[in-house]
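What follows is the residue order along each chain.
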Amino acid sequence: QDTLGAAASQTGRYFGAAVAAHKLSEPAYVSILDREFNMVTAENEMKMDATEPNQGQFTFGNADRIVNHALSRGMRVRGHTLAWHSQQPGWMQGMEGPGLRQAMLNHVTQVAAHFRGRIHSWDVVNEAFEDGGSGARRNSNLQRTGNDWIEAAFRAARAADPGAKLCYNDYNIDDWSHAKTQAVYRMVQDFRSRGVPIDCVGLQSHFFGVNVPANYQTTISSFAALGVEVQITELDVGGSGWQQADNYRRVTQACLNVPRCTGITVWGIRDSDSWRASQTPLLFDGQGNKKEAYYSVLNTL
Ligand code: XIL
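Residues numbered from 1 in each chain as written. Predicted model: local features only at pLDDT ≥ 70, side-chain atom pairs only at ≥ 80, totals over all residues. Heavy atoms only, no water.

Looking at an unreviewed UniProt entry, the protein carries the name Beta-xylanase, with the source organism given as Actinoalloteichus caeruleus DSM 43889. What UniProt states about the protein under its Sequence similarities (unreviewed entry) heading is, verbatim, "Belongs to the glycosyl hydrolase 10 (cellulase F) family." In its Catalytic activity (unreviewed entry) section, the UniProt entry covering the protein states "Endohydrolysis of (1->4)-beta-D-xylosidic linkages in xylans." (UniProt positions renumbered as here; feature names shortened; annotations may be inferred.)

Structure follows, in structure tokens:
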């Protein structure tokens, strides 16, 4: 196979990219997207600030452009994200307590309902755990509405779009020995044992200034053993040349080695599209040429 999507399909997996709506009018960008990828994530266009800029007023223009582009070309779509402490609209940032809880649940319901039937997997909740050794929930206005806010969001998402897989998504949960990874694991285990609707865990897998941990496959297989899918949702690896290519190879191989690891998404197409462009973390250079890392992934799939 000579594209990422086709190569991933050979084992029933997908290969995706984060996409920005304003770049869909750029032919060079779209030609790589349409040739190589069979899953798409909106880089910003489905976030809370983009979809509900004023309370109760929903705007889906840019998100719909991305979804329509993808579905009309046979690609699938990951929804990102329904509830997050970051990129909240201004009106929500200052809210607390029961009013915020209600607003968050309404947001989850309305957005999931708008896209109902068109989303492969939703990142229902993003980045709800603290970094460092505490294993605690991240302090946020959403967390302060009560520790059960995450399961409430998942139940609302399931009711609004029963066909979408529902994921918890986070960064720095790649290393199995980290307290944050263990804390997320225990939450997923608890949700599965109590019947809270969760189908998948998203490992963002942003690797900057660190190599892929040696126990990365253990992390994937451990989550998978809880009965959930694992998806690599926002992969990028800072660096260049063989070292970058080797890290990409290790991520790809770890996913392939675990049957319930169902797909990989890179967080942008060309280095120049990256949220951390100076670290050249993607598979295509700024001119759209395939990098060593690209061939490393393609040859591993
Ligand atoms: C980033 C986008 O790439 C940027 O364009 C935006 O300015 C900030 O958000 N974790 C996530 C993503 O879940 O939504 C973030 O995306 C990167 C980190």
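Lay out the pairing of strand 8 (residues 229–237) with the relevant residues and their values.
Judged by how many residues are buried, strand 8 sits mostly within the fold: 9 of 9 residues are covered. Of the strand pairs in this sheet, strand 6 (residues 200–203) and strand 8 are connected by 4 bridges, and their pairing is parallel. Considered in strand 8, the bridge of V201 is made with V230. Direction of pairing for strand 7 (residues 206–207) relative to strand 8: parallel, over a ladder of 2 bridges. Paired with F207 across the two strands is V237, which belongs to strand 8. The parallel pair strand 7 and strand 8 is bridged by helix 9 (residues 216–224), and the resulting crossover is right-handed. The pairing of strand 8 with strand 9 (residues 261–266) spans 4 bridges and is classified as parallel. Residue L235 lies in a different strand from strand 9, and its bridge partner there is V266. For the handedness criterion, the β-α-β arrangement of strand 8, helix 10 (residues 241–256) and strand 9 is classed as right-handed. (Buried < 20%, exposed > 50% of the residue type's maximum accessible area, 1.4 Å probe, protein only. Helix = DSSP H or I, 4+ residues; strand = E, 2+ residues; numbered from the N terminus. Pairing = 2+ DSSP bridges. Right-handed = clockwise from strand over helix to strand, strands pointing away.)

Please provide a residue-by-residue account of the site of the ligand, values included.
Surveying the vicinity of the ligand reveals 13 residues, the closest of which are E43, K47, H80, N126 and E234. With respect to the ligand, the side chain of Q87 contributes an N or O atom lying 3.2 Å from an oxygen atom. One nitrogen or oxygen atom from the side chain of Q204 is found 3.3 Å from a nitrogen atom belonging to the ligand. In the complex, 77% of the free accessible area of the ligand, which totals 420 Å², lies under the protein chains. Judged by its atoms lying within 2 Å of the grid points, the ligand is housed in the largest pocket. Within the shell around the ligand, the residues separate by chemical class into 3 nonpolar, 6 polar and 4 charged. (Near = heavy atom within 4 Å. Polar contact = N/O pair within 3.5 Å; in protein donor to acceptor, adjacent residues only side chain to side chain. Areas by Shrake-Rupley, 256 points an atom, 1.4 Å probe, with all protein chains shown as cover. 1 Å grid on protein atoms, 1.4 Å probe; cavity = no way out; pocket = protein on both sides within 12 Å on 5 of 7 lines; lining within 4 Å. Sits in = over half its atoms within 2 Å of the grid points. Nonpolar A, V, L, I, M, F, W, Y, C, P; charged D, E, K, R; others polar.)

So, helix 8 (residues 179–194): which residues are in play, and what are the values?
In a regular helix each residue adds 1.5 Å, so 16 residues correspond to 22 Å; helix 8 covers 23 Å between its end C-alpha atoms and thus fits that length. Residues of helix 8 that are buried sit in contact with helix 7 (149–160), strand 5 (165–170), strand 6 and helix 9. One or two positions beyond helix 8, positive phi appears at G195, with a value near 80°. (Expected span 1.5 Å × (residues − 1). Contact = heavy atoms within 4.5 Å.)

I'd love a proper account of the nonpolar core, names of residues and values included.
Formed by 95 residues in total, the largest nonpolar core has its most connected members in F15, F37, W122, V125, F154 and L283. Among the elements that make up this core, the one with the highest residue count is helix 7 (8 residues). With residues near it in sequence (within four places) discarded, F154 still touches V124, V125, L166, C167, Y168, F191, V196, P197 and I198. (Core = buried A, V, L, I, M, F, W, Y, C linked by side-chain atoms within 4.5 Å.)

Describe in detail the packing of aromatic side chains, supporting the description with residues and values.
When we look at a pair of aromatic rings, we describe it by the centre distance and by the angle of the planes. Tallied over the entire structure, the rule returns 13 aromatic pairs. Their ring planes at 35° and their centres at 6.1 Å tell us that F15 and F37 sit as a pair that is tilted. With a gap of 22 residues between them, F15 in strand 1 (residues 14–19) and F37 in the loop between helix 2 (27–36) and strand 2 (39–42) connect regions that are remote in the sequence. You can call F15 buried: its relative accessible area is 1%. With a centroid separation of 6.1 Å and 10° between ring planes, the pair formed by F58 and F60 is classed as stacked. (Phe/Tyr/Trp six-rings, centres within 6.5 Å; stacked < 30°, edge-to-face > 60°.)

Mind laying out the packing of helix 9 against helix 10, listing which residues take part and the relevant values?
Closest axis-to-axis distance for the helix 9/helix 10 pair is 9 Å, and the angle between their directions is 30°. Judged on the interaxial angle alone, helix 10 and helix 9 are roughly parallel. Considering only the axes of helix 9 and helix 10, their crossing is right-handed. Residues Y216, Q217 and I220 of helix 9 lie in contact with helix 10, whose contacting residues are V251, A254 and C255. (Axes fitted to C-alpha atoms, helices over the stretch in contact; angles between N-to-C directions. Parallel < 35°, antiparallel > 145°, perpendicular 65-115°, else oblique. Left-handed = near helix turned anticlockwise from the far one by under 90°.)

Talk me through the UniProt feature "active site" (unreviewed entry) in the protein; I want residue IDs and the actual numbers.
Here the UniProt-annotated "active site" (unreviewed entry) positions come out as E234. Inspection of the secondary structure assignment puts E234 in strand 8. For E234, the contacting residues outside a window of four places in its chain are H80, N169, L203, Q204, S205, H206, T265 and W267.

So what's going on with the state of the cysteines? Residues and values would help.
One pass over the full model with this rule turns up 2 disulfides. Linked covalently through their sulfurs, C167 and C200 form a disulfide whose S-S length is 2.1 Å. Linking C167 and C200, the disulfide has an S-S dihedral of approximately -85° and is accordingly described as left-handed. Placement of C167 in strand 5 and of C200 in strand 6 is noted, with a sequence separation of 33 residues between them. A disulfide bridge connects C255 with C261, and the sulfur atoms are separated by 2.1 Å. Every disulfide takes its handedness from the sign of the S-S torsion; for C255 and C261 that torsion is -100°, giving left-handed. Across the pair, exposure class does not vary: C255 and C261 are buried alike. For the protein, the disulfide bridges join cysteines in the arrangement 1-2, 3-4, where the cysteines are counted in sequence order. (Disulfide = S-S within 2.5 Å.)

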